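# Report on the structure
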Amino acid sequence: MLPANGTTVAAEDLQARFVHAADANADMTIDASQVENVGQAMLQLLVAARAHAQAEGLHFAINAPSEAFLARVAACRLGEPLGLEMEKEREQ
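The model shown is predicted, which means the values in this text are computed figures rather than measured ones.

It is the contact of helix α1 (residues 8-23) with helix α2 (residues 40-56), at a shortest axis distance of 9 Å, that shows an interaxial angle of 10°. When the axes of α1 and α2 are compared, the pair comes out roughly parallel. Where α1 abuts α2, its residues T8, A10, A11, L14, Q15, F18 and A22 lie against A41, M42, L45, L46, A49 and H52. Looking at the contact of α1 with α2, its residues break down into ten nonpolar, three polar and no charged.

Here it is as structure tokens:
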């Protein structure tokens, strides 16, 4: 589960969990339902984790993204790299 405030410090903790999952060749399912604010470091980490999962043939999904998460992803035009369908991105 992503934290409510996806700061750089929170990204460091998440990075350790992603590295562990990658080392174990485990699928990654991310719950983004509680996100109120997500920073650039967290977004970069999520993009990298998804790219790794795709390269290894593993499942990666972001489930139940909050409106705040979706708005930030759309503003950064990261819907496609994160595997999310973004209505706002298609309108731009």
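Right, let's get into the packing of α2 against helix α3 (residues 67-75). At their nearest, the axes of α2 and α3 sit 12 Å apart, and the two run at 80° to each other. One finds that α2 runs roughly perpendicular with respect to α3. Here Q40, L43 and L46 of α2 lie close against α3, whose contacting residues are F69, R72 and V73. Looking at the contact of α2 with α3, its residues break down into four nonpolar, one polar and one charged.

Before going further, it helps to spend a moment on the pairing of strand β2 (residues 28-31). Judged by which residues are buried, β2 turns out to be one-sided: M28 and I30 face inward and are buried, whereas T29 and D31, on the alternate face, are not. Note: β2 against strand β4 (residues 60-63), four bridges, orientation parallel. Bridging from a neighbouring strand, T29 pairs with A61 of β4.

This next bit is on unusual backbone geometry. With phi around 50°, A64 is a residue other than glycine that occupies positive phi space. Within the fold, A64 resides in the loop between β4 and α3. Taking the relative accessible area as the measure of exposure, A64 reaches 48% and is therefore partly exposed.

This brings us to the confidence of the model for the protein chain. A residue-level look at the protein chain finds 92% of positions with pLDDT of 70 or above and a mean pLDDT of 89. This stretch, residues 88-92, has a pLDDT under 50; its non-local contacts, to residues over four places away or in other chains, come to ten contacts.

Here is what the cut-offs are and how they apply
- Residues numbered from 1 in each chain as written.
- Predicted model: local features only at pLDDT ≥ 70, side-chain atom pairs only at ≥ 80, totals over all residues.
- Heavy atoms only, no water.
- Axes fitted to C-alpha atoms, helices over the stretch in contact; angles between N-to-C directions.
- Helix = DSSP H or I, 4+ residues; strand = E, 2+ residues; numbered from the N terminus.
- Parallel < 35°, antiparallel > 145°, perpendicular 65-115°, else oblique.
- Contact = heavy atoms within 4.5 Å.
- Nonpolar A, V, L, I, M, F, W, Y, C, P; charged D, E, K, R; others polar.
- Buried < 20%, exposed > 50% of the residue type's maximum accessible area, 1.4 Å probe, protein only.
- Pairing = 2+ DSSP bridges.
- pLDDT = per-residue confidence, 0-100.

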